Amino acid sequence: MSLNNLALILQHRFQQQGVQSDYDEAFSLYSQLSHLSHAASRTDLSAAKSWAASADILNHESVLLAYKVALKFLDQQVALLSSSSHHFDVIREAVSSLATDAFSCSVRRGELTTAVELVEQGRAVFWTQLARFSTPLDELSRSGDIGTALAEEFKRLSFCLRSAFDQSTEDRSPQIRQLTMQWDDVIARIRILPDFSCFLLPPLFSDLQKAAEDGPVIIVNASQYGCDALIVRNTGDLIHVPLDITQAEVSEFSSDFHTLAEQFGCSSDNQLKLIGILRKLWNRVVDPIVQALRESNVSPGSRIWWCPTAEFTLLPLHAAGPYERKKKNLSDIYISSYTPTLTTLIRARQQVSRDGTSQYFVAIGQANPVNGRELKYVASELAAVAEHVPPTVSFTSLEGAEATLHLACHGMPNRTQPFESSFAMRDGPLMIKEIIRSNWQNPQFAFLSACHTTVGDEKRPDESIHLAAAMQFCGFRSVIGSMWSVDDKVARQVVSAFYGNLIDDSKRLDCTRAAVALHKSVKSLRKEIPLEQQIVFVHIGV
């Protein structure tokens, strides 16, 4: 009998008969997981998740340790995976809600920095594998002969361990124990090298706080145990904002909004329904956060970043407001951007633009895709872009330069197989799984003038598998995407106003101006375009 099954039996017996020794023995069994001498298997991960869930429900003192162990095991499993989307389906299913529940648990116990560390560790598993594991391995391979040899050895042992776990019915088989010892040894040798002391270690709060260098980042979390927001500032303590809403209400909220978004443009009644939803979002979620921002002296007109989790990722937080005369909506107070994770934002900031570097701009329009309706305004949209791009910026080549990309086409979300979400092109779909294999040279900014480019897997929204995220994780520091269908004619208006605001007196394209440029362009068009089209575009990144 497995450790997990035995612990569950003891818990059940305790709940039925109230024998304290059963309760104590169950958690004593679970605590053995924190002393594991081999790389964690999927069975170990499942057991650790059961430990965390049981400890949270029964308010056991080991609960935070349980969440930390479960997320440590998740890290080990992710490190062993290949970058195949197939491998992540199993892992994502195994850890659904683990990070958001860990966040909630930490907040309830007053461990706010731990909450940030744990939620960051357990979300966006696929992108984490690419960014936190693949990229350091590439850097290790380029660090010299020793680094190259260790990188190859790590890849070989990871493959062997993954195969052994897939083939063995016993997690503690002699083969797995031997491979684990070798795997741990190569990691220890990598960490001895200069600049690799943190190899495979999750970031600490002191590292994550750097995400707030240019403005506060607001983590908005939904868990079965409660909903909370934490405001991360560049200096000082975290600010906790309890939210008077349950996860079930957030889920119902997002479902109602998704249903409404599919009907945008069909009836004038939809605008009234949209305002109703945005008011509820303001009253229940955003207004308390704005009050906290004001009390912490975040001045009006400042930039803020939203980092939503769970069902909150499906809601237009940036558009919340009372929508009443003489009262300000969020967009009248602050300039909103989004980030899937804090680490993503930090990495985007580290890719500094070089003033003397040549700039190149690629504008791609696809008005007549395979199996798609015609987009009548694509040509005039690209012409509007060309009018604003200064002659100092070349349209010819991407190689070895700072790159800006403007895509005007259909976006095709796939809510059940998000890696197959795509841009509709004449010669067939350009899918996420193809985008992530691209090799852009110093990409800076992408405007995705297409429908649904920030829509991912609605069953696992924390994974952020959507077209805009794919562009960001490919290296684009700043991305504009859409939350639902974009009207072709409106897109041309927004794009024209946007590029007029983006390019400053220096005649250079500065991706850090994108959020402000979008904010100004939408504000200038408020009287000309319907509300749902005013708020459809969102900014992600720096």
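You'll find the structure just up there.
None of the values given here were measured: they were computed from a predicted structure.

What counts as what
- Residues numbered from 1 in each chain as written.
- Predicted model: local features only at pLDDT ≥ 70, side-chain atom pairs only at ≥ 80, totals over all residues.
- Heavy atoms only, no water.
- Helix = DSSP H or I, 4+ residues; strand = E, 2+ residues; numbered from the N terminus.
- Contact = heavy atoms within 4.5 Å.
- Axes fitted to C-alpha atoms, helices over the stretch in contact; angles between N-to-C directions.
- Parallel < 35°, antiparallel > 145°, perpendicular 65-115°, else oblique.
- Left-handed = near helix turned anticlockwise from the far one by under 90°.
- Nonpolar A, V, L, I, M, F, W, Y, C, P; charged D, E, K, R; others polar.
- Buried < 20%, exposed > 50% of the residue type's maximum accessible area, 1.4 Å probe, protein only.
- Core = buried A, V, L, I, M, F, W, Y, C linked by side-chain atoms within 4.5 Å.
- Polar contact = N/O pair within 3.5 Å; in protein donor to acceptor, adjacent residues only side chain to side chain.
- Phe/Tyr/Trp six-rings, centres within 6.5 Å; stacked < 30°, edge-to-face > 60°.
- Lys NZ or Arg CZ within 6 Å of the ring centre and 35° of its normal.
- Expected span 1.5 Å × (residues − 1).
- Arc of directions from axis to C-beta.
- Salt bridge = Lys/Arg side-chain N within 4 Å of Asp/Glu carboxyl O.

Novice: Looking at this structure, how should I read the environment of F14?
Specialist: Looking at where F14 falls in the secondary structure, it is placed in helix α1 (residues 3–17). Taking the C-alpha atoms as reference points, F14 and A26, separated by 12 residues in sequence, lie 9.2 Å from one another. Apart from residues lying up to four places away in sequence, F14 is in contact with V19, Q20, D22 and Y23.

Novice: Looking at this structure, I do not really get the packing of α1 against helix α2 (residues 20–31). What am I missing?
Specialist: Angle between the axes and distance between the axes are the two parameters that describe a pair of packed helices. In contact at an axis separation of 8 Å, α1 and α2 are set at 160° when each is read in the N-to-C sense. Relative to α2, the element α1 is oriented roughly antiparallel. For the pair α1 and α2, the sense of crossing is left-handed. Across the interface between the two elements, L3, N4, L6, A7, L8, L10, Q11, R13 and F14 of α1 pack against Q20, D22, Y23, E25, A26, L29 and Y30 of α2. Looking at the contact of α1 with α2 residue by residue, the classes come out as 10 nonpolar, 3 polar and 3 charged.

Novice: Hey, could you run me through the packing of helix α6 (residues 98–108) against helix α7 (residues 112–122) in this one?
Specialist: Two numbers describe how α6 lies on α7: the axes approach to 8 Å, and their chain directions differ by 180°. Considered as vectors, α6 and α7 are oriented roughly antiparallel to each other. Residues A99, A102, F103, S106 and V107 of α6 touch α7, and the partners they reach there are L112, T114, A115, L118, V119 and G122. Looking at the contact of α6 with α7 residue by residue, the classes come out as 8 nonpolar, 3 polar and no charged.

Novice: For this particular structure, what's the right way to read α7?
Specialist: Two residues of an α-helix separated by three or four positions point the same way, owing to the 3.6 residues in each turn. The element α7 is extensively covered by neighbouring structure, given that 9 of its 11 residues are classed as buried. For α7, the full list of buried residues reads L112, T114, A115, V116, L118, V119, E120, Q121 and G122. Phi turns positive one or two residues past the end of α7, at A124, with a value near 50°.

Novice: I'm lost on the nonpolar core in this one. Help?
Specialist: Soluble globular proteins tend to pack their nonpolar side chains together in the buried interior. Membership of the largest hydrophobic core comes to 116 residues, with the highest contact counts inside it found for L243, V285, V286, I289, W306, F312 and F498. For this core, the leading source of residues is helix α13 (residues 269–295), giving 12 residues. Excluding its chain neighbours within four sequence positions, the residues that come into contact with L243 are V220, C227, D228, A229, R284, V285, I289 and F312. Counting 31 residues, the second-largest nonpolar core is a separate cluster that includes W51, L71, F73 and L118.

Novice: Before we go on, may I ask you to explain unusual backbone geometry in this structure?
Specialist: What is expected of a backbone is that most residues other than glycine have negative phi and most peptide bonds are trans. Not every positive phi belongs to a glycine, and D195 is a case in point at roughly 75°. A relative accessible area of 79% means that D195 is categorised as exposed. Of note in this structure, A310 is not a glycine but carries a positive phi near 50°. By secondary structure assignment, the location of A310 is in the loop between β4 (303–308) and β5 (335–338).

Novice: Explanation requested: the side chain of N221 in the structure shown.
Specialist: Following the sequence through the fold, N221 ends up in strand β1 (residues 217–223). Within the structure, N221 has its side chain in polar contact with the backbone oxygen of T100 (distance 3.1 Å). When sequence neighbours within four positions are dropped, the list of residues in contact with N221 reads T100, F103, S104, V119, G226, C227, D228, T309 and F312.

Novice: For this particular structure, what's the right way to read the side chain of N4?
Specialist: Considering the arrangement of structural elements, one finds N4 in helix α1. Side chain to side chain, N4 and S50 meet in a polar contact 3.3 Å long.

Novice: Honestly, the packing of aromatic side chains in this entry has me stumped. Any pointers?
Specialist: Two descriptors summarise a pair of aromatic rings, namely the distance from one centre to the other and the angle between the planes of the rings. Overall, the coordinates contain 12 aromatic pairs when judged by the stated rule. With centroids separated by 5.4 Å and ring planes inclined at 80°, the aromatic side chains of F154 and F199 adopt a geometry described as edge-to-face. Here the residue F154 occupies a position in helix α9 (residues 145–167), and F199 occupies one in the loop between α10 (174–192) and α11 (205–208), the gap between them amounting to 45 residues. Pair check on accessibility: F154 and F199 agree, each one buried. Relative to Y499, the ring of F447 has its centre 6.2 Å away and its plane inclined at 35°; by these criteria the two rings are tilted. Of this pair, F447 sits in strand β11 (residues 443–449) while Y499 is found in helix α18 (residues 488–502), placing the two residues 52 residues apart along the sequence. Both residues of the pair, F447 and Y499, count as buried. The cationic tip of R349 hangs over the ring face of W305; the distance from NZ or CZ to the ring centre is 4.9 Å.

Novice: What should I look at first to understand α10 in this one?
Specialist: In this model, α10 (19 residues) spans 28 Å end to end at C-alpha, consistent with the 27 Å of a helix rising 1.5 Å per residue. Residues of α10 that are buried include every one of I176, L179, T180, W183, V186, I187 and I190, and no others. All buried residues of α10 fall inside an arc of 135° around its axis, so they share one side. Away from its buried face, by an angle of more than 90 degrees, α10 presents the exposed residues P174, M181 and I192.

Novice: Can you walk me through the pattern of salt bridges in this structure?
Specialist: It is possible for side chains of opposite charge to pair when their charged atoms get near one another. Within this structure, the stated rule accounts for 9 salt bridges. A salt bridge links E152 to K155; its shortest N-O distance comes to 3.8 Å. Residue E152 and its partner K155 are both found in helix α9; the two are separated by 3 residues, about one turn of the helix. Looking at E152, the relative accessible area reads 45%, which means it is partly exposed. The shortest N-O distance in the salt bridge between R526 and D332 comes to 3.2 Å. Note that R526 is positioned in the loop between α19 (514–524) and α20 (531–534) and D332 in the loop between β4 and β5, a separation of 194 residues in sequence. Its relative accessible area of 32% is what places D332 among the partly exposed residues. Several salt bridges share partner residues, and in doing so they unite E153, D185 and R189 into one network.

Geometry only, nothing functional implied.
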